[in-house]
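Understanding the architecture of this molecule
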Amino acid sequence: MGNTDTKLNFRKAIVQLTSKSQPIDASDDAFWEQFWYEHSTSVQDVFALIPSNEIRKVRDVMPANLATLCYKATERLVRAVDNSCRTQGEQQTVLNCIRLLNRILPYIFEDPQWKDFFWSSLPSGNEKEDGAAPLAQSLLNAICDLLFCPDFTVVGLRKSGPEKAEELNSIDSCEYIWEAGVGFAQSPPRNGPMDSRRTELLKLLLTCFSETMYRAPTMSDEPNKWIVHFTSAENRHALPLFTSLLNTVCAYDPVGIGVPYNHLLFTDTLEPLVEVCLQILIVTLDHDITSNSPTQSASYSHDDSTIADNLFINYLSRIHRDDDFHFILKGVTRLLNNPLVQSYLPNSTKRLHCHQELLVFFWKICDYNKKFLYFVLKSSDVLDILVPILYHLNDSRADQSRVGLMHIGVFILLLLSGERNFGVRLNKPYTATVPMDIPVFTGTHADLLITVFHKIIATGHQRLQPLFDCLLTILVNVSPYLKTLSMVASVKLLHLLEAFSTPWFLYSAPSNHHLVFFLLEIFNNIIQYQFDGNSNLVYTIIRKRQVFHALANLPTDSAGISRCINNRKSGKLNNSSHGNNRLEHRNVNNKQVLSSVAGAGDESEEDITVRTGQLSVGNQQHSDEDESDSRSEIVEESMEGSRPAQPAEPGTLKATLLDTPDITQITERESAHPTGDAASASPVEPVVNVVSEPDKKGSPKGSPSKEQPSPIKRSVAQRGSIRVTPATAQHGAQSKTWQPSSEWVQSWRSKLPLQTIMRLLQVLVPQVEKICIDKGLTDESEILKFLQHGTLVGLLPVPHPILIRKYQANGGTTAWFRTYMWGVIYLRNVDPAIWYDTEVKLFEIQRV
């Protein structure tokens, strides 16, 4: 009954705020105390008892009452700090004020007329010392003090003598850091109620910072005063807060002692705390919060003068000890790999859902602390980041509500691929048992990367098309270092080229041919620098050589172009001229083997249909004899325990995103081994090195060379957008206006880098034909063995320069990350649903 009476009184007080014709006197303590004094109203009850329409009503009809309520609640928190929040009644009052403010603040932020309310000085009342400070600063300072309050949010360090009770205003919070790790060696005992109180205080902090959500994307560059104050030297707890948040996240082990189903038997108060710590970290590390101009953010570089104002960024960038890097990396990889952990007992281990925040956090660390990035790439530990990213990319490819997750994963891989060590690490054998819906293969992490990328392009939904450039750029960056590709990965690469080189696809949009340029660069890099170990790829190129011949002979006359475009109406294009995918070895004579190698008009093993924005790869039907004729046939058998990627459940909420920046805007072309001049070369016409023979580790050595052609550019608007408008609609409009001309086709066809591959075919095809006849080969494994011991030294054109397209910070990705990050935070905070039903402007919330 007592709890019911409490709720009833609380509800009556809320109604009085809107029903009285005159503002309620701020000195009427008996009325205002009803909201927070001596009652325990849960956060769920507070959100249920204060409907959104009534908050808006009191804001619009009785603004003075809402202003007084916010002021009084903040004043009550400040008073609790002054009293060191020692009693149980005081602590409950603090929690009630937190829950009330958490409910109200979003509705203040959504009204532009209230923009300056928290940053104005209000009558101080009894708070003489705080009268001049803006209300927001008083609130933030009180929250930060309460986060290190002995016996409330931290375990008190008991002292003997007259100084037993510490004053919260003068406490050394560095002694009360929440967890051992970076900069702190002691691990305080766990305390569930304290974890819950920290979580509630941090949720209020996050709500304060969420003012960014109520600005249009064009205004999101403006500094968020809440975050500026929190991360500045004016916050005396900045260092222990940063350390506590970082260590709490990186020390968390959701599995614990590993007892099956323990997460169902015991409430884990730490998981909600870890999630909100992670969200606070990524929001405060948003590097544009101290940047006043879009131009400054567009040309942003992380030097000391830029980041000095944000202490959180400053602290993160100054971490340098290997032990600290190891602690952070192990923590991030542990949490990222948690959803991938398998067990024979279904649902027996705890599953985390904060992987999107973790990926943003990892991005921020790599962006601000290059020493950490190099530490990650120094060993095979980077593969512990790669595998969960590929898992989530593969698992999310059919779900339109997870487009943002796809992008952040690809952006991270683009960042990593700009470093030589990443490509070298990919040569480590892949032996993990992660259940991914991809073909079973025996190979390296490079094979895994290529196979997953092929799956995304071939079977992902249309809104992923703007990522095709990024996916292929990553493969271009790592290709010079890939020592041995499996047959599965080799076939997948050729399938992509076969699909993207279909004439009508090349002619259907002004930038589609750029995908072919990327793929040819991949093949050229591998042939020139890693020929010896890549007999599978060389063999596949020989089998599918008609793809390259067809590219070299693309029609450039108007009649030929028209015929190619009209072929689209037939639906599927069976590229029968593109060669055979296998060598027949049963009941055949040498002539038949030779014919198979020659690929004279045989049908391809897989029929690839190119649709606007999507590739569909499906097996063609063969005769029974054909089905039994290949020992090397690649069987599309998925890994054990895998499930096909599922589309979003009906009714799933998603946040809209900004357009994906063009690949030429987010990358800068650099030589793999720049000279002094090359290091300062522009991204448009770089001075690069010609690379000669690879060294023993697969790292090419270089010597000066001529300039390369300028990079190809593509417009995201032409290739689809991640905005609400479906990609199909854009492509429909584009196809009506775009008409390829003969001059346009000639302008890029003549630049196709086919010389290396054509020379390889010119040399090897006659050799393979001769060996088949001379030795009577009836099995492709013998041809592979021959290719393994072959060489093209001195026979290929002069090695082309290795160009790495490194990620470069820019205003487009900065804005994209901010929108994505806040969209994730909005959708992840559902209990309570802090921002639900408020008018956010940074993005739109839609139902799938």
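The model shown is predicted, which means the values in this text are computed figures rather than measured ones.

1. A few points about the overall build of the protein chain
Within the protein chain one finds 38 helices and eight strands. When the 848 residues of the protein chain are sorted by exposure, 58% land in the buried category. Long-range contacts, defined here as pairs at least 24 residues apart, represent 79% of the contacts in the protein chain between residues at least 6 apart. Taken as a whole, the protein chain presents about 34100 Å² of accessible surface, with 51% of it coming from carbon and sulfur.

2. Things to note about the nonpolar core
Counting 245 residues, the largest nonpolar core has Phe 35, Phe 118, Phe 209 and Leu 413 as the members making the most contacts within it. Filtering out sequence-adjacent residues up to four positions away, Phe 209 remains in contact with Leu 140, Asn 224, Trp 226, Ile 227, Phe 230, Ile 280, Val 283, Thr 284 and Trp 822. If you look at the next biggest cluster of nonpolar residues, it comprises five residues, including Val 424, Tyr 481, Ile 802 and Ile 804.

3. So, the pattern of salt bridges
Throughout the structure, instances matching the rule amount to 31 salt bridges. Taking the shortest distance from any N to any O, the salt bridge between Glu 75 and Arg 79 comes out at 3.9 Å. Taken together, the residues span about one helical turn, with Glu 75 and Arg 79 both in helix H5 (residues 63-82) at a distance of four residues. Judged by relative accessible area, which is 7%, Glu 75 ranks as buried. One salt bridge connects Arg 828 with Glu 357, and the closest N-O pair in it is separated by 3.0 Å. Note that Arg 828 is positioned in helix H38 (residues 811-828) and Glu 357 in helix H17 (residues 355-368), a separation of 471 residues in sequence. Linked by salt bridges that have partners in common, Arg 56, Arg 59, Asp 60, Glu 110 and Asp 111 make up one network.

4. Remarks on the environment of Arg 198
Among the secondary structure elements, Arg 198 is positioned in helix H8 (residues 192-209). Setting aside anything within four residues of it in sequence, one finds Arg 198 in contact with Leu 147, Thr 153, Val 154, Trp 178, Arg 190 and Leu 273.

5. What about helix H24 (residues 487-500)?
With 14 residues, H24 ought to run about 20 Å at 1.5 Å a step, and its terminal C-alpha atoms sit 20 Å apart, in line with that. For H24, the tally of buried residues reaches 14 of 14 residues, placing the bulk of the element in the interior.

6. Points about the pairing of strand E7 (residues 803-807)
Consecutive side chains along a regular strand alternate between the two faces of the sheet. Among the five residues of E7, four are classified as buried, and the element is accordingly described as predominantly covered. Relative to E7, strand E4 (residues 667-671) runs antiparallel, the two sharing five bridges. Residue pairing for E7: Glu 668 is matched across the bridge by Lys 806.

7. Regarding unusual backbone geometry
A cis amide bond links Asp 831 with the next residue in sequence, Pro 832, at an omega value of 0°. Among the secondary structure elements, Pro 832 is positioned in the loop between H38 and strand E8 (845-847). Here Cys 85, not a glycine, exhibits a phi torsion of approximately 45°, which is positive. Mapped onto the fold, Cys 85 is located in the loop between H5 and helix H6 (88-109).

8. Remarks on helix H22 (residues 445-459)
Between its first and last C-alpha, H22 extends 21 Å over 15 residues, near the 21 Å set by a 1.5 Å rise per residue. Most of H22 sits inside the fold, with 14 of its 15 residues counted as buried. The distance from a side-chain oxygen at the start of H22 to the backbone nitrogen of Ala 446 is 3.2 Å, and the residue carrying that oxygen is Thr 444.

9. Some words on the packing of aromatic side chains
Centre distance and the angle of the planes are the two values used to describe a pair of aromatic rings. Throughout the structure, instances matching the rule amount to 33 aromatic pairs. Arranged with centres 4.7 Å apart and planes meeting at 25°, the rings of Trp 363 and Phe 817 form a pair that is stacked. Of this pair, Trp 363 sits in helix H17 while Phe 817 sits in helix H38, and the two are 454 residues apart along the sequence. With respect to burial, Trp 363 and Phe 817 carry one shared label: buried. Pairing Phe 468 with Phe 500 gives two aromatic rings, centres 6.0 Å apart and planes at 50°, and the pair type is tilted.

10. Some words on the packing of H5 against H6
Here H5 crosses H6 at 145°, and the two axes come no closer than 9 Å. As for how H5 packs across H6, the hand of that crossing is left-handed. Along its contact with H5, which presents Leu 66, Leu 69, Cys 70, Ala 73, Thr 74, Arg 76, Leu 77 and Ala 80, the element H6 presents Glu 90, Thr 93, Val 94, Cys 97, Ile 98, Leu 100, Leu 101, Ile 104 and Ile 108. A class-by-class count of the residues in the contact of H5 with H6 yields 13 nonpolar, two polar and two charged.

11. Concerning the environment of Cys 149
Note that Cys 149 resides in the loop between helix H7 (135-146) and H8. Beyond its immediate sequence surroundings of up to four residues, Cys 149 is in contact with Ser 84, Cys 85, Val 154 and Leu 168.

12. With respect to the environment of Asn 394
Within the fold, Asn 394 resides in helix H19 (residues 382-396). By relative accessible area, Asn 394 is classed as buried at 3%. C-alpha separation for the pair Asn 394 and Met 436, spaced 42 residues apart in sequence, amounts to 7.3 Å. If near-sequence neighbours (up to four positions away) are discounted, Asn 394 is found in contact with Met 436, Asp 437, Ile 438, Val 452, Lys 455 and Ala 645.

13. Brief notes about the packing of helix H28 (residues 545-552) against helix H36 (residues 755-775)
Axis separation between H28 and H36 bottoms out at 11 Å; the angle between their running directions is 135°. Taken together, the axes of H28 and H36 are oblique relative to one another. Here H28 and H36 pass one another in a crossing that is left-handed. Taken together, the residues of H36 that come into contact with H28 (itself represented by Arg 545, Phe 548, His 549 and Ala 552) are Ile 757, Met 758, Leu 761 and Val 765. Of the residues contributing to the contact of H28 with H36, the split by class is six nonpolar, one polar and one charged.

14. Digging into the confidence of the model for the protein chain
With 76% of its residues at a pLDDT of 70 or more, the protein chain shows a mean pLDDT of 79. Strand E5 (residues 689-694) is the least confidently modelled element of the protein chain, averaging 32 in pLDDT, while helix H23 (residues 468-478) averages 97, the highest of any element. Scored below 50 in pLDDT, residues 289-308 shows 35 contacts in the model against residues more than four places distant or in partner chains.

15. Digging into the side chain of Asn 235
Inspection of the secondary structure puts Asn 235 in the loop between helix H9 (225-230) and helix H10 (238-251). By relative accessible area, which is 4% here, Asn 235 ends up buried. A polar side-chain atom of Asn 235 sits 2.9 Å from the main-chain carbonyl oxygen of Phe 230. In contact with Asn 235, not counting residues within four places along its chain, are Cys 144, His 229, Phe 230 and Leu 241.

What counts and how
Residues numbered from 1 in each chain as written. Predicted model: local features only at pLDDT ≥ 70, side-chain atom pairs only at ≥ 80, totals over all residues. Heavy atoms only, no water. Helix = DSSP H or I, 4+ residues; strand = E, 2+ residues; numbered from the N terminus. Buried < 20%, exposed > 50% of the residue type's maximum accessible area, 1.4 Å probe, protein only. Contact = heavy atoms within 4.5 Å. Areas by Shrake-Rupley, 256 points an atom, 1.4 Å probe, with all protein chains shown as cover. Core = buried A, V, L, I, M, F, W, Y, C linked by side-chain atoms within 4.5 Å. Salt bridge = Lys/Arg side-chain N within 4 Å of Asp/Glu carboxyl O. Expected span 1.5 Å × (residues − 1). Pairing = 2+ DSSP bridges. Polar contact = N/O pair within 3.5 Å; in protein donor to acceptor, adjacent residues only side chain to side chain. Phe/Tyr/Trp six-rings, centres within 6.5 Å; stacked < 30°, edge-to-face > 60°. Axes fitted to C-alpha atoms, helices over the stretch in contact; angles between N-to-C directions. Left-handed = near helix turned anticlockwise from the far one by under 90°. Nonpolar A, V, L, I, M, F, W, Y, C, P; charged D, E, K, R; others polar. Parallel < 35°, antiparallel > 145°, perpendicular 65-115°, else oblique. pLDDT = per-residue confidence, 0-100.

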